[in-house]
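# A structural walkthrough
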Amino acid sequence: MAKSKSKTGNYILLPVTEPQTTADTNPKVKNFLTAVLEPAVSKEAVSLKTRGPEKTAKKIPLKVIDSIQDNGAKLVQLSEEELADFRFSYPGLRIIREKFYKKAQVYRESIQQKAKKTRTTRKLNLSITDTAGNPIAGIYIVAFTDFESRTGDAGNTNAKGRLSLNLASKTIERIYVYPEHTYWGYYKTNFSATSLNIKLQKIDTGYTDSLRHFYNAPQWPKITRKIRIGIIDTGVGPHKDLVVSGGLNCVANEDPTDFKDNGEGHGTHVAGIISAYGGVYGLAAGVEVYSYRVFPKNANASNFYIMKGLAQAIQDECDIINMSLGESETDEGISSYIKQAYNAGILCFCANGNDDRGPVSFPANYSLSVAVSAMGRKNTFPKNTVQTGIVKSPYGTDKANFIADFSNIGAETDLTAPGVGIISTFPNDLYAIMDGTSMACPAAVGMAARLLAEAPDILALPRASARADEMLKYLSTKIKSLGFGANYEGKGMLLEDK
Amino acid sequence: MANYILQYRGTGIPDPQQVKETLHICGVSIIDGSLLPLTALLDVSDGEVENVRCRFEADWSLTPEKKYKVPDTRKHPEE
């Protein structure tokens, strides 16, 4: 990809904590804003070196457009392709896209009318069994006769593994079968039927999914250096492959010491990708996992609970925090705690979000977060599984690699990681397949932890923003582009040295 | 009544006793005070929101509690 021809954007550069540099500001950031960029305000442009081995270091052209005080904010223009590289090369700076605000006017004509409910005329009778013919209850199935307008029906199988759906026609455009755990899902397109028997394939924990294609985790030794990972999610465990060293239930009116999974399994799956050891293998087995439960069972997480989880993770001296959650709107309260974490030498990795190539969600789009998109690889999931419907361009330099169709994308993306058809832990010693930037995020966290375990000098730094800066700089030397383009992959994927 | 988050935006640490007293005067109950004196989850009636904002002034923010869903990639039909 010809990076010099890529689009440029305007960005505001600020020190981490205040609008201007202070006595506490990292000296490198202070020097960068005052000695490197400030003189350039009156000149044309500057070229900055990327972080990396000397032989591969390159120059990032950057135009300084304006400045608020010589030790304060700078408005700069740089290529969107270079943005991720810039972030990793100059950590300790807040990088905020220049925004323009409209008048608070309501455009009534843009309000869409909801489509009328389609009259149902046909029944689709479904039967779900395992490969031996035993019925499977509680499987969520959704069928669409028109996927574009999301016209269809959904439900869960009964104790006999049966479900009857009411549809507008017997021609089905897509059907998705989503088991919660134990089995791979099922996906079929463009067929006519009034009944369908589907046999689900059981998960083989030795299967090489996309995570284990890129990372040979089953062969890796346990990490022995003390690294603590905080997981802000639905809780973690119980599972025989996982050790939870501490945490807090942040949900009001629940037992603060009960930070097990709330039953939904999301946090346990995330934790397995990072640290499972036994039945499946995470990327950083041996690290200390701290679970901060912010999701009540079958309910949404309050931003206050998330702030509480972040505050506790800072107090517990985590090294990395995993946040596989997000929303479209920004939240200053959560931002302030992520900033506090950064100032305490902790990195927050956040999932880009799963809105079918929508903009990067908050908090991933916050300048001090590490934002992770999801990618997949063909032939790392069985045929006719849900994952076959996730394959979508762009493809990487290796054409088997693709960015997941659901993954949010944008200039805030820092990294990409496997997030399609991931085998990991589920509460009560079960295993499940999940897809999402929620899975890509802990893959990046796990690999970051494994790489940082090789950098004891950085881990031993005082807990201040300079520690987080150095962690990012070190990790930046371990990222390789997969050829998707910066909007999709940021700087690329964290990979071990070979 | 709705849940609001009160958060300190100034420098230094505010006096926790003064924060509690001000909330008491406003007739606001604290749902979760574990992050005090910097942050608190409050139960505030609609009529009291502006009063609380005025009493806490510029160094404080009072914003409605927001909810985050467990992320999901499953497709769903239109309701």
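An account of the accompanying structure is given in this report. Note that the structure is a prediction, hence the values are computed from the model and not measured. (Residues numbered from 1 in each chain as written. Chains lettered and ligands numbered in written order. Predicted model: local features only at pLDDT ≥ 70, side-chain atom pairs only at ≥ 80, totals over all residues.)

## Some remarks on the interface of chain A and chain B
Size of an interface, as often reported, equals the accessible area lost when the parts are brought together. Rules: A residue pair is marked as a contact if its C-beta atoms, positioned from the backbone, fall within 7 Å. Each helix is a run of H or I in the DSSP string that is no shorter than four residues. Each strand is a run of E no shorter than two, and both are numbered from the N terminus. In this count, Pro and Cys sit with the nonpolar residues alongside Ala, Val, Leu, Ile, Met, Phe, Trp and Tyr, while Asp, Glu, Lys and Arg are called charged and the others, Gly among them, polar. Paired strands, as defined in this entry, are two strands with at least two bridges between them according to DSSP.
Facing 39 residues of chain A, the contacting portion of chain B comprises 23 residues. Mapped by element, the contributors of at least two residues to the side of chain A that touches chain B are strand E7 (140–146), strand E8 (151–156), strand E10 (171–178), strand E16 (301–302), helix H5 (303–315) and helix H6 (332–343) of chain A. Broken down by element, the side of chain A that touches chain B gets its largest block of residues, 6 residues, from H5(A). Looking at the side of chain A that touches chain B, its residues break down into 17 nonpolar, 14 polar and 8 charged. The pairing of E16(A) with strand E5 (residues 67–68) of chain B spans 2 bridges and is classified as antiparallel. Bridging from a neighbouring strand, A:Ser302 pairs with B:Lys67 of E5(B).

## Topic: the sheet that holds strand E12 (residues 195–200) of chain A
All names here are of chain A. Applicable threshold: All axes are obtained by fitting lines to C-alpha atoms, using only the stretch in contact for helices, and the reported angles, taken between N-to-C directions, cover 0 to 180 degrees.
On the basis of which strands lie adjacent, the open sheet formed by 3 strands has the order E9-E6-E12 and mixed pairing. At either end of the open sheet lies a strand with only one pairing partner, and these are strand E9 (162–167) and E12. Here the average twist between neighbouring strands, direction ignored, is 25°. When strand E6 (residues 122–130) meets E12, the two strands line up parallel, connected through 6 bridges. Counterpart to Asp-130 in the pairing with E12 is Leu-200.

## Thoughts on the sheet that holds strand E3 (residues 59–67) of chain A
All names here are of chain A. Taken in spatial order, the 5 strands line up as E2-E3-E4-E1-E5 in an open sheet, and their pairing is antiparallel. Since the sheet does not close on itself, it has two edges, and those belong to strand E2 (46–49) and strand E5 (93–97), each with one partner. Here the average twist between neighbouring strands, direction ignored, is 40°. Bridge count for E2 against E3 is 4 bridges, and the pairing is antiparallel.

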